[in-house]
Amino acid sequence: MLVSQNNNLSSDDLELPIYFTADGKRAQQYNSLLFFPVAIVIMNNNMTGYIPNEIGQSKLLRVLNLANNFFSGKIPDQTSNLNDLATLDLSVNHFSGNMPASLTSLNFLAVFNVSYNNVEGQIPTGTQLQSFGASAFEGNPNLCGLPLPNECQPPLPNDDLDGDDNNRIRSHGLYFQLCLGQPYHPIAQYLLLILLGSISSTHIHAYSSSERTSLLSFALTLSSPSLNWTSLDCCKWEGITCDAVGRVTHLHLSSKGLKLKGDLFSSSSLSNLTHLTYLNLSRNSLRGSLDQAGFFLSLGRLEVIDLSFNFLSGELPGSLSSSNNIRMVDFSSNRFHGAIPSSFFQQAKNLSHFNVTNNQFTGYIPSPICVHSSSLIRLLDFSYNNFGGNLSRTLGNCSKLEVFRAGHNNLSGSLPEDIYNSTALEELAIPANSFRGGISNRIVKLTNLTVLDLYLNQFSGMLPIDIGKLSKLKVLLLHSNNLEGSLPPSLLNCTNLMELNLGFNLLDGDISAYNFSRLGQLRKLVFVSEEMPDGDHIADFDGFQNLRILALNGCELTGQIPMWLSKLKKLEILDMSRDRITGQIPKELCTLPMLVSEQAAAQVDHGYLELPFYASQPMPDASILQFNSLSYYPPSIMLGNNSISGNIPTEIGKLQLLHILDLSANQVSGNIPDQISNLNNLETLDLSMNHLSGEIPASLAHLSFLSSLNVSYNNLEGEIPKSTQLQGLNVSAFEGNPKLCGSPLLNPCQPFNGTDSDDDKNDGNQILGLSISVVLGFIIGLVGVCGSLLLIKTWRDAYFNFLYTLNWTSFDCCNWEGITCNQDGWITHLQLPSKGLKLKEGTFLSSSLGNLTHLTHLNLSHNSLYGSLDQSTGFFSSLNHLEILDLSYNLLSGELPSSLPSQNIRKLDLSSNHLHGAIPTSFFQKALNLTSFNVSNNTFSGSIPSSICLHSSPLIRLLDFSFNEFSGKISRGLGKCSKLHVFRAGHNDLSGLLSDDIYNATTVEEISLPHNSLDGAIGERIANLTNLSILDLNSNVLTGVLPESIGKLSKLKLLLLQFNNLEGSLPPSLMNCTSLAELNMGFNNLEVSLYSCKYLKAIRLSGNDLEGEIQPEILSLKSLSFLSLGYNRMTNIAKAMKILMHCKNLVVLSLASNFVGEEFPDDLGVVDFEGFQNLRMLVLRQCELTGQLPTWLSKVKKLKILALESNRITGTIPSWLGTLPRLFFIQLDNNQISGEFPKELCKLPMLVSESSTAQDDDIYLELPLYGFQGPTLMQYKFFFFPPAINIGNNTISGNIPTEIGQLQLLRSLSLSNNNFSGNIPEQLSDLKNLENLDLSMNHLSGKIPLSLTSLNFLSSFNVSYNNLEGGIPTSTQLQSFNASAFEGNPKLCGPPLSNECLPNPNKGIKKGKNNNQYLVDINGQQIPWLSVVLGFIVGFLGVCSSIYIHIWKMYTVCDDNSMYAATVAR
């Protein structure tokens, strides 16, 4: 079975699932032997000898685990023949010799470990081996090479200096290139310049000679990286442009990671570039200040200077330039400070752009700027600084000024009047300052204005009455000021307005008089603290005819609910909660077409929104969610937390499409109308905190989808109606109604008063009853203890493990299990992982291990040890020789001690415990040899300690702080961890920018910081991390564009940046990342070109708001096998399919929620169709596609998974679907499919025959697929998807075919919400692997087949709302389901339903005045409670006393030699 593939396997289905682990760690559930990995696992034994060469014959082997034995000899080269091997663990043995180079051919190797052997030599270079962490190779002192830090001895150099002059020149050039990044000698540097100058003098222009020398001098002021300036002609150098006669005019070195060696950005190195007109050194790491001695003065022809996004500091020089040529200055995003000199602009006659945003400038915004450059200045950006005082009164002189920004400063005063003279102005943005006064009506002179942003100031007065003359205005942001009065009617003339925010002002007036439908481009409208307009007088209201969501919650609106709301024909979400609305609920609100008529709802396009909206459903602690489509948010009316009074109108029952109704915290009175039961789709109903009275209507029990109900704190009375929905709710949903009774409340309703028909029983019957009750009590007591031990695994393990101590019985403790001693007999190793150890109460680890003073290795991981490690226990202080400490996966708590035990500690793993508090800064003072530190999965808080890289910088390789509660910024000391390979700190509360010095950790291979709140941009200096293979920053708030330098990360394999706020396009350099296997940029704001990364195998860009069509250029991605572009706005599905069908390696294609409303293409050339020949998975869910299933799908012979749910597909299920040889997962829910269930579908080979499954290929996916129970980080194969046929929510009719019993490998079958009729076929019981069966909401009749009780794996079952009858078959499976699985069948009876089947009058609970004295009536014999309790005590004590005696005897024979064994019990 391990040597050859057997295609004729018999069925290996298991009656019950079993749990198995192949690595000693995590057990998995298996329902069939077919799914077991082919494995040989013999770890943790005492086996010796060599691995036989014949191991290479086991070619089907997937797992080989020989860890922790005494194997010796070399690792056989034949191991490389195991082509399917995924796990190879040879750790903790005595293997020697070199590692076979052929191991690099094991392409599927995912787990590899040869640590703690005697292996030597160089680690073979290969993608598989270098991708594993250093821990996989540690403990082999003579092993070298990556990923270990100890490099192998390089071969001696063979320097050949012979060659022609041209070779010598190239050698000099190479020498110079290497010297740029190394320490240099001044004399050597000078001679080098002379040499290069002399070489060039006979070959280049006379102009270039001096300029070349100047450029080389500039290069020598840089510390990194080396510029490739080696050719003779400097005009051909990178970033250099010359004019026709060879003079340097452009120096463009942006985003090159440049650094200065000194502190001054000196002009001396560029002083000879006298014809330089363009200088761009932006987006580097240049530090220091601009040299006052003449940096600008020497560059007399300079027109453009861009030094943005560097680290330059200091003050600006006194003058901008010695000439009038300067046109553009960009010093943004640096650290400049001080005031801008008024003389700075004296020579700026031609200045058009001046940007100093995001610095630390102070003082006034300079007034001369518009005096000297009035003719051309177009952009001024002073935002995000510390400027103060009033705005200059000379801005009006900037006659061509188009953009003026000065937001987020400390400016004050009023707007200067002359700013209104800048009639070319298009954007005026001065938010977050302290401006005051009114907005002058003269603003209408700014007729070109498109953006007016004055929010978060102190502006007062009324809005300008003629503001409507600003016809080009698109964005008007005036919120958070002190504006008052009413809106000027002319505002409606701003027909281009897209965003209007007037929130948090003092505005008043009646906005109902404004016809906002004239603002056709409006996307966002915000009012706060306004009066809700009364719509009675606008009978002809025709505004908001496309409005789908009206959210006015939290605006403190007053007045009544307006009548005009009923005329909003497309409104489906109304939220006016948390306002001050009064009056009654108008009946007209119950006529909203989108909530009444399915026909109206079907005609509305539920496509994507231009911008996402954020909302939470009305339930406790509901989180805010982002919605890109209205189809994802349930139709809702939310009026909670107002002062609404009156009755709930009975017309409420018309809103049959309503999902959420919230009327909580109002003054609504009267009864709960019975008509609410007509809201068949209702999921949430909140009527709490009102004045409702009367009983809860019994008809509410018919609301099948109701998942949240709250009627608390009213005046309701009577019994709570009995139904699964209501009884399954929490008590809090009904509390605060004193007269309400029944389950789930604790106060029962008045019981039925019956008569005692057995008062005349004779004494003999009573004696018999007493005897029966004692026996019954004894049985209960016996079963209560022994049954618990047998059935409850945790109790059973605790009891039987307690009976057996560690097998430490021999005289020599060095022979005990888990103990290793040195030659002198001192204990050096204590390794007891996964032994189920527990500490006895009152003991600590130190109390039993304090005398093991020579202990170097302590591994107690994967046990149940509890207690603390703090200083008071002294645990660390006595173990001063400890090198390896692994206490992971225990129950340890408390804080860490102040210091590690010794300087010898190399590996510390405290992961997966309950440790908390901050990690002391002194903890690492002795950590001079620490290589691995793992505290993941605890509850540590505070900052990640910065001292860790100060004390352990020579050796630290792994730092794992993930899954804790660390907060604050990432320490700036990580760059000092010069040999760091892995840094993980995901799933914490970290914030701020990525620490800049993290880019100094050039050996790092993995940076994983997902699920934090890191912000800012990814720096260009990331290119320094040349060894990086994994970069995971998903689920943060990163912004900006991806750096161009990311293409230098040639070893990058995983780039996970999904769920951030990244923008722009992917840098073309990304195509240089030839090792990139996983790229996930989903849910950002990217504009992506799919075709630049020609070596990509997998692309996931879901949820990025991409639009347009898929272009033929995608065919250039020859290796593309995984493409996921779901939840975007792609169009033209016909073109997309015709292109993608030619992607020959495409395995997974996911285009969900695109092509909205288009027709499924059926014209791809079916006759000779040869496309999608390797496609295994096709996902087009939620696209609202029309048409029928296309016939070309019948030609996709390798298709395994077909997910087309939530479309508008019509027609029947084609018979050819049952002929696809690999198909096993069909998802066609929520369509408009009709016809009958085709019998051909019952012949799907992958669902009928295990032999077909055995022959199928098991392809790993390039990117993980997100399962149907949430996302997972595991890499899935296709067969991990459950074999399923889900065709619910269609209009399929007819009988369920009896042939369905042939689908014996099926695990999920959903036929719900169709028109199936007839009986449930008996053959369903043949589906032995079935886990989910949903037949609800059909027209099925007859009885539930008794044979269904044999479905042992059934975990989800629903036959509700059919016409079934008779008793529910008794079995553990069926009775374990909730009553909701059977409701809606009036003639169905038996548990778990409350209506019993044909009750026996001779049995049952006795009723009468003495009913509380008896437990049950058995054949007329009353069994008293007291007797049963007595019998229980006898039974219970009988068992427990036996157990106690056994334990007491065991411990009386324990002696002092077993002290530690008595401390811990397995």
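The rules behind the values
- Residues numbered from 1 in each chain as written.
- Predicted model: local features only at pLDDT ≥ 70, side-chain atom pairs only at ≥ 80, totals over all residues.
- Heavy atoms only, no water.
- Disulfide = S-S within 2.5 Å.
- Core = buried A, V, L, I, M, F, W, Y, C linked by side-chain atoms within 4.5 Å.
- Buried < 20%, exposed > 50% of the residue type's maximum accessible area, 1.4 Å probe, protein only.
- Helix = DSSP H or I, 4+ residues; strand = E, 2+ residues; numbered from the N terminus.
- Contact = heavy atoms within 4.5 Å.
- pLDDT = per-residue confidence, 0-100.
- Arc of directions from axis to C-beta.
- Pairing = 2+ DSSP bridges.
- 1 Å grid on protein atoms, 1.4 Å probe; cavity = no way out; pocket = protein on both sides within 12 Å on 5 of 7 lines; lining within 4 Å.
- Points joined across faces, edges and corners; volume = space filled by probe spheres on them.
- Phe/Tyr/Trp six-rings, centres within 6.5 Å; stacked < 30°, edge-to-face > 60°.
- Salt bridge = Lys/Arg side-chain N within 4 Å of Asp/Glu carboxyl O.

### Here we look at the state of the cysteines
Then, number 1: Counted according to the given criterion, the structure contains five disulfides.
Then, number 2: Between cysteine 741 and cysteine 749 runs a disulfide, and the two sulfur atoms are separated by 2.0 Å. The chirality of the disulfide connecting cysteine 741 with cysteine 749 is right-handed, given an S-S dihedral of about 100°.
Then, number 3: In this model, cysteine 814 is linked to cysteine 821 through a disulfide, with the two sulfur atoms separated by 2.1 Å. Across the S-S bond of cysteine 814 and cysteine 821 the torsion is about -100°, and the bridge reads as left-handed.

### Quick look at the nonpolar core
Then, number 1: Counting residues in each nonpolar core, the largest one holds 172 residues, and the members touching the most others are Phe933 and Phe961.
Then, number 2: Among the elements that take part in this core, helix 13 (residues 1133-1140) stands out by supplying five residues, more than any other.
Then, number 3: The residues contacting phenylalanine 933, other than those within four sequence positions of it, are Leu908, Ile919, Phe923, Phe924, Ile948, Leu958, Leu959, Asp960 and Phe961.

### Topic: the confidence of the model for the protein
Close inspection of predicted coordinates is inappropriate in any region flagged by low pLDDT.
Then, number 1: Looking at the protein as a whole, the pLDDT averages 77, with 73% of positions reaching at least 70.
Then, number 2: Confidence drops under pLDDT 50 across residues 785-805; counting only partners more than four residues distant or on other chains, this segment forms 31 contacts.
Then, number 3: Contacts of residues 1443-1466 to residues separated by more than four positions or lying in other chains number 46 contacts, the stretch itself having pLDDT below 50.

### As for unusual backbone geometry
Then, number 1: The omega torsion of the bond from leucine 146 to proline 147 falls at 10°, within 30 degrees of zero and hence cis.
Then, number 2: Of the consecutive residues proline 1391 and proline 1392, the connecting peptide bond is found in the cis state with omega at 10°.
Then, number 3: Summarising the element assignment, proline 1392 is placed in the loop between strand 89 (1387-1389) and strand 90 (1414-1418).
Then, number 4: At methionine 1337, a position not held by glycine, the phi torsion is positive, near 55°.
Then, number 5: Take methionine 1337: it is sitting in the loop between strand 85 (1332-1334) and strand 86 (1339-1342).

### Concerning helix 13
Then, number 1: Of all the positions in helix 13, only Ile1133, Ala1136, Met1137, Ile1139 and Leu1140 are classed as buried. Buried residues along helix 13 cover an arc of 165° about the axis, so they all sit on one side.
Then, number 2: In the core, the buried residues of helix 13 are packed alongside strand 75 (1122-1124) and strand 77 (1148-1150).

### A word on the pairing of strand 58 (residues 914-917)
Then, number 1: Burial of strand 58 is one-sided: the residues Leu915 and Gly917 facing one way are buried, the residues His914 and His916 facing the other way are not.
Then, number 2: Of the pairings in the sheet, the one linking strand 56 (residues 891-894) to strand 58 comprises two bridges and is parallel in character. Each bridged residue has a counterpart across the sheet, and for glycine 894 the counterpart in strand 58 is leucine 915.
Then, number 3: As defined by bridge partners, strand 58 adjoins strand 60 (residues 939-940) across two bridges and the pair is classed as parallel. Across the sheet, the residue bridging to histidine 916 is threonine 939, located in strand 60.

### Regarding the sheet that holds strand 60
Then, number 1: Strand order in the open sheet formed by four strands is 54-56-58-60, and the pairing between neighbours is parallel. Here the strands that pair on one side only, and so sit at the sheet edges, are strand 54 (866-868) and strand 60.

### Concerning empty space enclosed by the protein
Empty space among the atoms becomes visible once a probe the size of a water molecule is rolled across them.
Then, number 1: Applying the stated rule across the entire model yields five cavities of 30 Å³ or more.
Then, number 2: Reported here for the largest cavity is a volume of approximately 60 Å³.
Then, number 3: Around the largest cavity, the lining residues are Ile585, Leu589, Cys590, Ile637, Leu639, Ile648, Pro649, Ile652, Leu655, Leu661 and Leu663.

### A word on the packing of aromatic side chains
Then, number 1: Under the defined criterion, the tally for this structure stands at 21 aromatic pairs.
Then, number 2: The interplanar angle of 10° and the centroid separation of 6.2 Å between the aromatic rings of phenylalanine 435 and phenylalanine 459 together place this pair among those described as stacked. With phenylalanine 435 in strand 30 (residues 434-437) and phenylalanine 459 in strand 32 (residues 458-461), this pair connects stretches of sequence that are 24 residues apart.
Then, number 3: The class for phenylalanine 459 is buried, based on a relative accessible area of 0%.
Then, number 4: Arranged with centres 6.2 Å apart and planes meeting at 55°, the rings of phenylalanine 923 and phenylalanine 933 form a pair that is tilted. Here phenylalanine 923 is found in the loop between strand 58 and strand 59 (932-934), whereas its partner phenylalanine 933 is found in strand 59, with 10 residues between them in sequence. For the pair phenylalanine 923 and phenylalanine 933, a shared accessibility class is recorded, and that class is buried.

### A word on the environment of isoleucine 1099
Then, number 1: Position of isoleucine 1099 among the secondary structure elements: in strand 73 (residues 1098-1100).
Then, number 2: Residue classification places isoleucine 1099 among the buried residues on the basis of a relative accessible area of 2%.
Then, number 3: Between the C-alpha atom of isoleucine 1099 and that of asparagine 1080, which follows or precedes it by 19 residues, the distance is 6.6 Å.

### Observations regarding the side chain of asparagine 714
Then, number 1: By the element assignment, asparagine 714 lies in the loop between strand 48 (708-710) and strand 49 (715-719).
Then, number 2: If we ignore the near neighbours within four places in the chain, the residues touching asparagine 714 are Leu687, Ser688, Met689, Asn690, His691, Leu692, Gly736 and Asn737.

### Considering the environment of lysine 969
Then, number 1: Mapped onto the elements of the fold, lysine 969 is located in the loop between strand 62 (967-968) and strand 63 (982-984).
Then, number 2: We classify lysine 969 as exposed; its relative accessible area is 60%.
Then, number 3: Taking the C-alpha atoms as reference points, lysine 969 and leucine 990, separated by 21 residues in sequence, lie 5.8 Å from one another.
Then, number 4: Look past the residues within four positions of lysine 969 in its chain and what remains in contact with it is Ser991 and Gly992.

### Side note on the environment of proline 366
Then, number 1: Turning to its location among the elements, proline 366 is positioned in the loop between strand 24 (360-361) and helix 5 (369-372).
Then, number 2: Given a relative accessible area of 6%, proline 366 falls into the buried group.
Then, number 3: Residues proline 366 and proline 341, 25 residues apart in the sequence, show an inter-C-alpha distance of 7.5 Å.
Then, number 4: Apart from residues no more than four positions distant in its own chain, proline 366 is found in contact with Ile340, Phe345 and Phe382.

### A word on the pattern of salt bridges
Then, number 1: Evaluation of the coordinates by the stated rule reveals 16 salt bridges.
Then, number 2: Residue arginine 378 is joined to glutamate 402 by a salt bridge in which the shortest nitrogen-to-oxygen separation is 3.8 Å. In this pair, arginine 378 sits in the loop between helix 5 and strand 25 (379-381) while glutamate 402 sits in the loop between strand 26 (388-389) and strand 27 (403-405), placing the two residues 24 residues apart along the sequence.
Then, number 3: On the basis of relative accessibility, which here comes to 29%, the residue glutamate 402 falls in the partly exposed class.

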